[in-house]
Amino acid sequence: MNALRRLSACAAAFVFLGAFAHASDDHGDPVAATPYFPGKTLTQSVQAGFTPDSALAVLKAGNARFVSGKTLRRHHKSAIGKTALGQYPYASVLGCIDSRAAPELVFDQGIGDLFTARVAGNVVNEDILGSLEYASKAAGSRLVVVLGHTGCGAVKGACDGAQMGNLTMLLDKIKPSVNAASTPGEHNSKNHAFVDEVTELNVKDVIKNIREKSAILKELEDQGKIKIVGALYDTSNGRVLWY
Ligand SMILES: [Zn+2]
């Protein structure tokens, strides 16, 4: 990292975070917060300085680096050593299994930064909800991102009423969004505008489901301890749009 980028990273850290706030987390005693620096492996004290808004800002900055092609140089071997005895991620991402939409890559994050849950169509079930509850309630994550993406095969399959083994049940979870979409024209995967609308509706429906089916996440959000936000990864340019 050159001097300019280092200075920029330092400034960003202090802009993003309440550097000396205290957070009790759910790890035990209150922890004094220390500043965050992009690319540095998270510790408990750095995690304690995160707020839902600063977590979102760090993800946005990471995607901007990804889009610009100026991702941080990471030392995974060093990060393995630093996280060997514990992890302190600041955010959780529920995304699709799509090979083009890996959260750690599109947000330029490293080992120990994010909890990620991935399932076709970025839908929720009890296991996914339980995972997100662990991440937010027990492990200190400040943000839940539901990350859809353009050209999603699961969404297209739901638009076409596809049926195949266990996938049929999964696609049923996207059907309410298919039925709610109002884009003119054919309501199938050949209508790209329709697919785009269903994709957005599905992200919003998943967020609604999280709030309705997880009392723990709903309470954390109501208390201001976390935020739950929707986003869309554009496979044509690498950008993440936020709903
Ligand atoms: Zn997908």
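Residues numbered from 1 in each chain as written. Predicted model: local features only at pLDDT ≥ 70, side-chain atom pairs only at ≥ 80, totals over all residues.

Could you clarify how one ought to interpret the overall build of the protein chain in this entry?
Counting secondary structure elements, the protein chain contains 11 helices and seven strands. Classification of the 243 residues of the protein chain by burial places 41% in the buried group. Relative to all contacts within the protein chain whose residues are 6 or more apart in sequence, the contacts with residues 24 or more apart total 66%. (Helix = DSSP H or I, 4+ residues; strand = E, 2+ residues; numbered from the N terminus. Buried ≥ 20, exposed ≤ 12 C-beta atoms within 10 Å, placed from the backbone. Contact = placed C-beta atoms within 7 Å.)

Before we go on, may I ask you to explain the pairing of strand S4 (residues 114-118) in this structure?
A regular strand carries its side chains on alternate faces of the sheet. Extensive coverage of S4 is indicated by the burial of four of its five residues. Of the pairings in the sheet, the one linking strand S3 (residues 91-95) to S4 comprises five bridges and is parallel in character. Bridged to Gly-95 within S4 is Arg-118. (Pairing = 2+ DSSP bridges.)

Where do I start with the environment of Val-124 in this structure?
You can see Val-124 is positioned in the loop between S4 and helix H6 (126-138). Residue Val-124 is classed as buried on the basis of its C-beta count, with 22 C-beta atoms lying within 10 Å. Apart from residues lying up to four places away in sequence, Val-124 is in contact with Leu-129, Val-206, Asn-209 and Ile-210.

Got a minute to help me understand the nonpolar core in this structure?
Soluble globular proteins tend to bury their nonpolar side chains together. Counting residues in hydrophobic clusters, the biggest one holds 54 residues, and the most contacted among them are Leu-94, Val-144 and Val-145. Element by element, the count of residues in this core is highest for helix H10 (residues 192-213), at seven residues. The residues contacting Val-145, other than those within four sequence positions of it, are Leu-59, Ala-91, Ser-92, Val-93, Leu-94, Val-229 and Ala-231. (Core = buried A, V, L, I, M, F, W, Y, C linked by C-beta atoms within 7 Å.)

What's the story with the sheet that holds S4 in this structure? I'm lost.
The strands that make up a sheet are held in pairs by hydrogen bonds between backbone atoms, and each pair lies either parallel or antiparallel. Pairing is mixed in the open sheet, where five strands are placed in the order S4-S3-S5-S6-S7. With one partner strand each, in any of the chains shown, S4 and strand S7 (240-242) form the two edges of the open sheet. Taking the axes of each pair of neighbouring strands and ignoring which way they run, one obtains an average angle of 25° across the sheet. Inspection of the sheet shows strand S5 (residues 143-149) paired to strand S6 (residues 227-233) by seven bridges, in the parallel sense. The residue of S6 that forms the bridge with Val-146 is Gly-230. (Axes fitted to C-alpha atoms, helices over the stretch in contact; angles between N-to-C directions.)

Any chance you could explain the pairing of S6 here in plain terms?
Taken across its seven residues, S6 has five buried, putting it largely inside the fold. Note: S6 against S7, three bridges, orientation antiparallel. Bridge assignment links Leu-232 to a residue of S7, and that residue is Leu-241. Between S6 and S7, which pair antiparallel one after the other, the connecting turn spans six residues, and Gly-238 there sits at a positive phi close to 85°.

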